[in-house]
Amino acid sequence: MNGSLRWKLVLAFALIFLAGGVCGFFAAVHSRTLFRRPPPGSIAAHMKEHLRRELRLTPQQVEQVSPIVERATAQLDEKRERTSREIREIFEQTHRDIAPLLTPEQRTRLLRLEQRHREIARRHGFMPPEPPP
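Quick caveat, the model's predicted, so the values are computed rather than measured. (Residues numbered from 1 in each chain as written. Predicted model: local features only at pLDDT ≥ 70, side-chain atom pairs only at ≥ 80, totals over all residues. Heavy atoms only, no water.)

Enquirer: I keep staring at the pattern of salt bridges and nothing clicks. Help me out?
Expert: Side-chain pairs of opposite charge can arise where the charged atoms are in close proximity. The tally for this structure, following the rule as stated, stands at six salt bridges. Of the charged contacts, one joins Lys 48 and Glu 70 as a salt bridge, the two residues approaching to 2.6 Å between their closest N and O atoms. With Lys 48 in helix α2 (residues 42–55) and Glu 70 in helix α3 (residues 59–98), this pair connects stretches of sequence that are 22 residues apart. Sharing partners across several salt bridges, the network here consists of Glu 49, Arg 52 and Arg 53. (Salt bridge = Lys/Arg side-chain N within 4 Å of Asp/Glu carboxyl O. Helix = DSSP H or I, 4+ residues; strand = E, 2+ residues; numbered from the N terminus.)

Enquirer: Sorry if this is basic, but what is going on with α3 here?
Expert: Each α-helix turn comprises 3.6 residues. Residues three or four places apart therefore point the same way. The end-to-end C-alpha distance of α3 is 57 Å, a good match for the 58 Å that 40 residues give at a rise of 1.5 Å each. Along α3, the largest kink reaches about 30° and is centred on Val 65; proline Pro 67 follows within four residues of it. Turning to α3, its buried residues number three or more, namely Ser 66, Val 69, Thr 73, Ser 84 and His 95. On its buried face, α3 sits against α2 and α4 (104–123). (Expected span 1.5 Å × (residues − 1). Bend = angle between axes of the 7 residues up to and from the residue. Buried < 20%, exposed > 50% of the residue type's maximum accessible area, 1.4 Å probe, protein only. Contact = heavy atoms within 4.5 Å.)

Enquirer: Please explain the packing of α2 against α3 as it appears in this structure.
Expert: Think of two packed helices as two axes; the pair is described by the angle between the axes and how far apart they sit. With their axes 9 Å apart at the nearest point, α2 and α3 run at an angle of 140° to one another. Considering the angle they form, α2 stands oblique to α3. Considering the relative orientation of α2 and α3, their crossing is right-handed. Each of Ile 43, Ala 44, Met 47, Lys 48, Leu 51 and Arg 52 in α2 lies in contact with α3, whose residues at this interface are Val 62, Val 65, Ser 66, Val 69, Glu 70, Thr 73 and Arg 80. Classifying every residue of the contact of α2 with α3 gives seven nonpolar, two polar and four charged. (Axes fitted to C-alpha atoms, helices over the stretch in contact; angles between N-to-C directions. Parallel < 35°, antiparallel > 145°, perpendicular 65-115°, else oblique. Left-handed = near helix turned anticlockwise from the far one by under 90°. Nonpolar A, V, L, I, M, F, W, Y, C, P; charged D, E, K, R; others polar.)

Enquirer: For this particular structure, what's the right way to read unusual backbone geometry?
Expert: Residues other than glycine predominantly adopt negative phi, and peptide bonds predominantly adopt the trans conformation. One non-glycine residue, Arg 56, lies in the positive phi region at around 55°. Mapping Arg 56 onto the fold places it in the loop between α2 and α3. Looking at Arg 56, the relative accessible area reads 72%, which means it is exposed.

Enquirer: Just checking my understanding: could you explain the environment of Leu 57 for this structure?
Expert: Relative to the helices and strands, Leu 57 is located in the loop between α2 and α3. In this structure Leu 57 touches Leu 51, Arg 52, Val 62 and Val 65, once residues within four positions along its chain are discounted.

Enquirer: Would you take a moment to explain the side chain of His 95 for this structure?
Expert: Summarising the element assignment, His 95 is placed in helix α3. For His 95, a relative accessible area of 15% puts it in the buried group. Residues contacting His 95, with those up to four places away along its chain left out, are Leu 110 and Glu 114.

Have a look at this one:
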């Protein structure tokens, strides 16, 4: 292999590595916003604006559509809360079923794992903050 070809290969691998890093960076930034719970009311506002723009609604139609969208988003929020609660209950039951099979050290690790997961869920708005002691 001559020197020119070797440098071309090195440059090609470096560019591929750099492209992967850039893609990874943008994927991380996007996933951070993708998996964060939106602030209350923002989904309804977004839906109303989207419908207004796409359907070219008149101000009167926007007024008529608003309560329907508000009701739908309230139902979606309720469903999300109920589903989150059910998922947490399944994980809690699974951990209770697993705990007797573990050594004391493993149980301690399981508790730390649960605490980490709860903290991540709180940080992303999927669980309410812990009450003060």
